Structure formats: structure tokens, C-alpha cells
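# Coordinate inspection notes
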Amino acid sequence: MLKIYSLKSTPRAGYAVRELGRLLGCAAMLTTDAGQMCHLTIGPEGPTGALTSGPSTILFTTEVQPIIIEWSRWDDLPVIFPTSAKTDLPFDLLGALFFFLSRHEEYTSYERDNHGRFPAHLCTMVQEGLEEMPLLDLWTNKLRTLLKHRFPDLTIEKPRFELVPTFDIDSAFAYTNKGPVRTIGGFARDFFKLDFKNACNRWAVLRGKKPDPYNIYEWLEGKLETAGVARLYFFLLADFGSFDKNVPHRSPELRSLIRHLAKKNRVGIHPGYLSSENDDIMHSEVKRLTDIIGHPACISRQHYLRMDLPETYESLIKCGITEDYTMGFADRPGFRAGTSRPFGFFNLKTNEARSLIVVPFVCMDATLRFYMCLSPEEASEKLRKMRHTLEKAGGRMVLLWHNESLSEHGPWAGWRKVFESAVD
Ligand SMILES: [Zn+2]
């Protein structure tokens, strides 16, 4: 058990200590008893023998005001909240963890992008060009080395690299199982756009002469099963709308696909475009999945990564969700919360640690293809570099992919190999 000393105990300090333990891979507790043996202190004063870190301001307030971030160095690593005090760690480590994990900067910036999302360019990490470094993982790895040196009996193993492919199923099938109205609408759209090739494809698939291009599940399951890689699927079950275009949630083929995949994998909800604005919508979509799989749905990722803090996470908690996978950028790869590892959600409005676990992802297929306009070769190279970084750091590489990008269909022709090169 890692013991951390602080002059005062607050909800923020308690949360930061628990999350430091989680990132390090061990249990950690906060104590205000200066007579106890401790491993680390918050601030320059504390029990003899403990490593000292910089004094904290952010952990001992309840305010949520914009903070001007000052960057400094801890040997080779960039850090925030530097201190001039003589401490073993030249910055407020626990405060810095709290700043990034609580997503403090998302509460104090009101600018949003055209889908109502927090824009990446407002992140201090992005402004410094550091978003592709799992900075918190690197800090905790360095701390682990210092702790082992100072306390040889303390056993804290470095976490091992883990690859976790996850799939958002926005459109389970390209042409089939959409119902007569949308099928006729699809043909009408093809003719209106003079896209006769697509109309012919659609016709061939509907007559059973060709497989549906988005139906890649058997291939994907076989591939990942052979590689021994666990995977997660998130299904969009929203009512049809401008941004929600899955086959109807009542479709027997969709329901059977979900049940089939749920036999061997974790299956979650992909709450639709409007779910982050309306609790009732969120609730009904989670219930749809629960009814299909026959047990409570507990994992989730927001469609279009639309979320607002803390409201969306609080809605998910109300719906019984225990893990959310939305934490990441739409327009670039990287670590939105500074870590590749899961962490607990802290509600800054109520100033309390909550039960939801936030699982960050590192990169989305559409980011590489549409936002960054990379070629498949460039995308593979980008993923190779990120994998190398995470292997070194003992991080977790959560990928956000879609069945569409594995289809070799339309804009995704030539992209299956990008995924294959990332997981092989
Ligand atoms: Zn989606």
C-alpha cells in the first residue's frame, strides 16, 4: 500500500491519491498523520524519509476557475505546476494529475466545435504539442523508479502494454435490413447523384448476389480470435435521424448480430447524437441494448464523441453505465486526459469522485482518414509510432474503429490493412 501524506484531506486530494495508485498499478491511501511512515508527501513538509513533491493549490480549493498553466521540466519530462521549494519532485504531481484527469480545462472553456464538442486546440497539452505523449503514464513510471530506489521493499510492477480494439457500429449493414422506405430512398439517392455503380452494388447485395460490404464481423472475429486480442463493440440503437443512421433497432438481423457478438465479447451502447442533450433518450437507448442482450448494459461510448462534462457522465451513471470510452480527440490522435490508462471520473461541479471509470482511446480511424487526410501508408506509420510509445510506457492502446473502415468500400478502399498493421 502506497501511503501519501498531506497536511489536509479533501475530496480532490483523496481522489488524486487513489488515481495515482491506479496509474502506478497499486493501492494508495492518503494520510494526514505526520507520525506515520509515508512514501510521498503533497508539499515540502511531511514524515521523515518520504519523497517530497511541490505544494498544491488546486487540491485545496473547491473553485473551478481558469488556470494559467506554467510548463517546466522534470529532467527529460515536461510538467505543470512547478515549484521553487526544495522538493524531490520539482512540481505538484498530485495537483497536476488532478488537473488533467478531472478535465478541469473543459469546465472553464466555453468554446465548442460544430458538433458541440470541446475543441482539442483549447487543451494545454495540444498547445504545447504534447498530446501524443502519455504524460501521466510517463510521470508515474518515473515516480515508480524513484519509489523503488527509496523503498526497496515496495513492490509496484510496471503495467504491461495492452492493445484494445473497440468498434462503433454506426451502420451495421450498408444496404440490407434497412426497411423498404430507406431502401427505396437509397436507390433514389443513387440515381439523383448519378451513382449507378452504387445502385448496381445495392441491387446485387439485396438480391443476395454479393455480401453486404459492412458485414465484416465474421472476418474480424476470426482475425482477433486468432491473435488472442479482446475487443469491444458499441452499437448505435438511436431512432433514425440526420446523424443516426443505423438499421432500425427492431431489425431481427441487427438484434441477432448483437446477441451473437455478445456471446464472446463485451458489447456496449453507442448513445445517439441527441443523447448527450436528453436523459430520456439516453435511458431508452441503454434499455434497448439491455433488452437485446438480456443483462444490464454497462459500457458506453458517445456517437460523434458528443459529451459535456459533467452532465453526460452523470446521465450515463443514472443509466447504470460503469465504463465510458468517449475520452479522446475527434480531429487528432492523442491523450485528451494525458493518460492511456483508465481512471475515475471526478465531478468538478459537485466536487466529488464518482463511480464511473473513464477509458481513454488513442486514435480513431476517421481522424486519420477524414480529419488528417492521411494515406493508408501514412496512417499505418502513425499508428506504428503510437504503439511504440505505448509499448515503452506500458500503456493501453485503445483504438476506435468502425466496421465501415474495414469494408474496403467507398472512401475506405485500401484501409483494412491499416487496422491489420496496427493489431498484428
Ligand atoms: Zn458513432
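Scroll up for the structure.
The following refers to the structure shown. Keep in mind the model is a prediction, meaning the values are calculated, not measured. (Residues numbered from 1 in each chain as written. Predicted model: local features only at pLDDT ≥ 70, side-chain atom pairs only at ≥ 80, totals over all residues. Heavy atoms only, no water.)

### Description of the side chain of S275
We apply this condition: By definition, any uninterrupted DSSP run of H or I lasting at least four residues is a helix, any uninterrupted run of E lasting at least two residues is a strand, and each is numbered from the N terminus. N or O atoms within 3.5 Å of each other form a polar contact, as long as, within protein, one can give a hydrogen and the other can take it, and as long as residues adjacent in sequence are counted only when both atoms are side-chain atoms. Only heavy atoms matter for contacts: two residues are in contact if any of them lie within 4.5 Å across the pair.
Considering the arrangement of structural elements, one finds S275 in the loop between β9 (266-269) and α10 (279-293). At 3.1 Å, the side chain of S275 and the side chain of Q302 are in polar contact. Beyond its immediate sequence surroundings of up to four residues, S275 is in contact with I281, M282, E285 and Q302.

### Points about the packing of aromatic side chains
Test applied: When the centres of two rings from Phe, Tyr and Trp lie within 6.5 Å, Trp using its six-membered ring, the rings pair. Their planes under 30 degrees apart give stacked, over 60 give edge-to-face, and anything left gives tilted. A ring is considered to have a charge above it if a Lys NZ or an Arg CZ atom is located within 6 Å of its centre and within 35 degrees of its normal.
For the coordinates displayed, the defined rule picks out 20 aromatic pairs. Against the face of W74 rests K142, its NZ or CZ located 5.3 Å from the ring centre. The aromatic ring of W219 is capped on one face by R416, whose charged end is 3.8 Å from the ring centroid.

### Here we look at helix α11 (residues 311-318)
For clarity, the cut-off: We call a residue buried when its accessible area falls under 20% of the maximum for its residue type, exposed when it is over 50%, and partly exposed in between, using a 1.4 Å probe and counting protein chains only.
Within α11, six of the eight residues are buried, which leaves it mostly tucked inside the rest of the structure. Restricting attention to buried positions, one finds in α11 the residues T312, Y313, E314, S315, L316 and I317. Directly beyond the C-terminal end of α11, a positive phi value near 90° is found at G320.

### What about unusual backbone geometry?
In this chain, L309 is followed by P310 through a cis amide linkage whose omega measures 0°. Within the fold, P310 resides in the loop between β10 (299-300) and α11. A positive phi angle, near 55°, is found at F81, a position not held by glycine. Within the fold, F81 resides in the loop between β6 (77-80) and α2 (93-101). For F81, a relative accessible area of 17% translates into the label buried. In this structure, L305 takes a positive phi of about 55° despite not being glycine. Here L305 is to be found in the loop between β10 and α11. Taking the relative accessible area as the measure of exposure, L305 reaches 5% and is therefore buried.

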